[in-house]
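# Descriptive structure summary
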Amino acid sequence: MNRESRVWVMHVDMDAFFASVEQRDNPEFLHRPVIVGALPGGRGVVATCSYEARAFGIRSAMPISEAWRRCPGAIYLRPDMPRYVEASRKIMQLLQSISPVVEPVSIDEAYLDASGLERLNGEPESIASLTRQKIREAVGLGCSVGIGPNRLIAKLASEYRKPNGQTVVRHEEVQAFLDPMPVSNLRGVGKQTDKIVQKLGIQTIHQLRQYPLEILSAHFGRKGGRHLYDQARGVASSRVGGTQGRKSISKETTFKRDVTCRRQLREKLRQLSAEVGRSARHKSLKGRVVNLKIRIEGFETHTRQCRLPRAVNADGEIFGHAWKLYEQSGLAGRSVRLIGVGISDFGSEEPMPDLFESSREREEKLYSTMDEITDKYGINVLSRGIRR
Amino acid sequence: MKIVTKREALLDPLQRIAGVVERRQTLPILSNILINVKSNEIQITATDLEVELRTQAVAECSGEGDFTVPARKILDICKALPEGADIILEVDGDKAKIRSGRSRFSLGILPAQDYPVIEPTASSSVFTLKEAELKQLIEKTQFAMAQQDVRYYLNGMLLEIKDGDVRTVATDGHRLALSECNKSVDSDLDVQLILPRKAVLELGRLLKDSEDEIKLELSANYIRILMDGAVFTSKLIDGRFPDYQRVMPSGTNKELRADKALLKQSLSRASILSNEKYRGIRFSANNNTLQLQAHNPEQEEAEEELEVDYTGDEIKIGFNVGYFIDVLSAIKEDEIIVELKDSNSSALIYGKDNSRNRYVVMPMRI
């Protein structure tokens, strides 16, 4: 057998994770549409739904009211995170026994470096089936596995046959695998990019591949164009694990009723900023980018971000920038359904001291003391005074 | 109501005030300019609620009536008309009709009474200053202002008047620029005020290198500057500027003299391979030689060496190359002097024989 050493990336994606856990723990839910997320009558969204629910056209992130309209007879559940986290922990632990390099990307998804496992486990196909079998034995849940020469192909391969499927795409099969797919399968193709893609009359990746780099860059920007160009040729990173850690910290809230009142939005944003700040300080992270997310009436979602000259994690600073983003967003006055704030681009500690350092040091000490009190006595026991 | 004028008469004032109008507006009327009709001129006002600029244009006017028109559009129309074109502007209902040669434009207008004009309270003090001097004071320091810092008082420039001296200071916490004019105000005023960033940038653009005296009026929250053909008003930042005297380096014991142009070129070259985020460059000075070293996370390196006047003890110190180049760009003299103490203390930089403009740059840990 040809045992040439090749780079293999494996993507493991749990099938309808939250819903599957519920079906496993409540056998009466088996073979019935199960929707985990907000409760009907509320204003949240679907987190996950079982495949039986997907038959009704229900999808993740769909407003719960829409799900209700499509399938009032489904079982509606609030997420029970501790149980899901426990299952996830077991799965990730198990994956470690398959490959030493595991990169969890979310609670129900991970990339593994599957290179050089052939001697141990045979062809990629056997590695994939072994993984699926082990997960089923350990936690009683189904997953889909994709194996390919890089992250992009592995991910697309795991989506290829779902649920309970596995797909291996060899290097020489990549182009044939990609070509018939719709462009929207590629990474970074959201609503905006898709609009342009539609306008150009591009449907499949094969068609996209006919466009030279210059034309794509003209339509999608230098970075965006390059990204599409590479992806259409199956070119992507095959790095797994390594430095990738947490990329952002964010908090968001969906209001019970749409909010237009500036004061109320300001208060909520201040509160969310404090949560983000505290969470960041706990992990000793500072972000150089502040993000604002707003969903307005009509379920239109907007994001704004600003890059700062200096990494921050103080509540007041996060809030200050977030509020500014809101005021400059052009959305002020619109009724808001959801608002969220986050920080990202965590860099190493600033190597540049400050001329007026003493004031900043005082501020940091103040926050760490406040965090200690909050950790001990709970949120809302202590907060900074606000001059209104 | 009818306004008859020339393209050139209108274009210059429109270009002067266009910078004040923000592109992104919360209030629709803020993207407009206010036109007040006088008998043989029109007054044009632009504002963003923080900064207001009023100027005028020569025109023959008949009838009464003030109105507001979209700033960007009327400016673009004037720009696009041929040189020397006559312009006739008439208000008709909720439209302003512009005619010039065989071109016709109909622009939407908004009522003048809705236009937010700044009315400062009576000025508490008035003084005059040479226009060129104020321009200098701004040009030499504005680059060091902070941008979107939460320490909002740093997002502007300190203007200090004391014992007849005028001083401007700008800092973002990592570097500081100071410029002063001695005995240039004939007044016993003693004030410190902070002009917002945008006002500083606009003023810098507006002021001319002229020996004319301009009048500055200060009131509780505003500064108003009356110059040739324009009235500039800005809100002041309500805050306390940090004690800049405290951070001016003292006790420096090493002095490095270098040719500004050569140093700047070397820095620009070395900066190519510095860390894109932090832009650190290591300076090593010893025995009349300055060595510059940069490297980036990709392990690429740059090294530059140049001759300087330096006889002090060997020193190695890191700086953000961007900050250093900013300072060199602001200095006019050909030779610069860098005063240093040790690798943890900030540097004092100025042009030879010119300590009117002084710059402080913090070192980096590299």
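Residues numbered from 1 in each chain as written. Chains lettered and ligands numbered in written order. Predicted model: local features only at pLDDT ≥ 70, side-chain atom pairs only at ≥ 80, totals over all residues. Heavy atoms only, no water.

In this section: the overall build of chain B. Looking only at helices and strands, one finds seven helices and 26 strands in chain B. Counting the 366 residues in chain B, one finds 53% classified as buried. For chain B, restricting intrachain contacts to residue pairs at least 6 apart in sequence, the fraction spanning at least 24 positions comes to 66%. Split by element, the accessible area of chain B, about 17,100 Å² in all, is 43% carbon and sulfur. (Helix = DSSP H or I, 4+ residues; strand = E, 2+ residues; numbered from the N terminus. Buried < 20%, exposed > 50% of the residue type's maximum accessible area, 1.4 Å probe, protein only. Contact = heavy atoms within 4.5 Å. Areas by Shrake-Rupley, 256 points an atom, 1.4 Å probe, with all protein chains shown as cover.)

Moving on, we get to the packing of helix H6 (residues 260–271) of chain B against helix H7 (residues 321–330) of chain B. Residues and elements named next belong to chain B. Remark: H6 packs on H7, axes separated minimally by 10 Å, with the N-to-C direction vectors making an angle of 155°. The pairing of H6 with H7 is recorded here as roughly antiparallel in orientation. Note on packing geometry: the crossing formed by H6 with H7 is left-handed. Counted together, Lys260, Leu263, Lys264, Leu267, Ser268 and Ser271 of H6 and Val321, Phe324, Ile325, Leu328 and Ser329 of H7 form the full contact between these two elements. Tallied by class, residues from the contact of H6 with H7 come to six nonpolar, three polar and two charged. (Axes fitted to C-alpha atoms, helices over the stretch in contact; angles between N-to-C directions. Parallel < 35°, antiparallel > 145°, perpendicular 65-115°, else oblique. Left-handed = near helix turned anticlockwise from the far one by under 90°. Nonpolar A, V, L, I, M, F, W, Y, C, P; charged D, E, K, R; others polar.)

Quick look at the interface of chain B and chain A now. With 25 residues of chain B at the interface, the matching set in chain A holds 22 residues. When chain B packs against chain A, close to 2,300 Å² is buried across both sides, 56% of that on carbon and sulfur atoms. Summed over the shared surface of chain B and chain A, the result is one salt bridge. Among the salt bridges present, the one from Arg151 of chain B reaches Asp354 of chain A, with a minimum N-O distance of 3.2 Å. For the interface between chain B and chain A, the tally reads two residue pairs in polar contact (both at pLDDT 80 or more). Breaking the side of chain B that touches chain A down by element, the ones donating at least two residues are strand E14 (175–181) and helix H5 (244–247) of chain B. (Buried area = accessible area lost by both parts, 1.4 Å probe. Salt bridge = Lys/Arg side-chain N within 4 Å of Asp/Glu carboxyl O. Polar contact = N/O pair within 3.5 Å; in protein donor to acceptor, adjacent residues only side chain to side chain.)

This part takes up the pattern of salt bridges. Residues and elements named next belong to chain B. This structure, assessed with the given rule, holds 46 salt bridges over all chains. The partner of Arg224 in a salt bridge is Glu52, with the nearest N and O atoms 3.8 Å apart. Pair noted here: Arg224 is in strand E17 (residues 222–227) and Glu52 is in strand E4 (residues 51–58), with a separation of 172 residues, a long-range link. Just as Arg224 is buried, Glu52 falls in that class too. With a closest N to O distance of 2.8 Å, Arg269 and Glu304 form a salt bridge.

Glancing now at the packing of aromatic side chains. Under the criterion given, the structure shown has twelve aromatic pairs over all chains. Residues Phe319 of chain A and Trp323 of chain A carry aromatic rings whose centres are separated by 6.4 Å and whose planes lie at 20° to one another, so their mutual orientation is stacked. A residue pair is termed a helical-turn pair when its members lie 3 or 4 positions apart in one helix, as Phe319 of chain A and Trp323 of chain A do in helix H13 (residues 315–328) at four residues. The pair Phe319 of chain A / Trp323 of chain A is uniform in exposure class, with both members buried. Measuring from ring centre to ring centre gives 5.8 Å for Phe143 of chain B and Tyr359 of chain B, while their planes differ by 35°; the resulting arrangement is tilted. Linking Phe143 of chain B in the loop between helix H3 (131–139) and strand E12 (156–162) with Tyr359 of chain B in strand E26 (residues 354–361), this pair joins segments that are 216 residues apart in sequence. On the basis of relative accessible area, Phe143 of chain B is assigned to the partly exposed category, the value being 23%. The structure contains a cluster of three or more aromatic residues connected by ring pairs, namely Phe17, Phe18 and Tyr84 of chain A. (Phe/Tyr/Trp six-rings, centres within 6.5 Å; stacked < 30°, edge-to-face > 60°.)

With 100% of its residues at a pLDDT of 70 or more, chain B has an overall mean of 93. Scoring of the predicted complex yields 0.62 for pTM and 0.70 for ipTM. (pLDDT = per-residue confidence, 0-100.)

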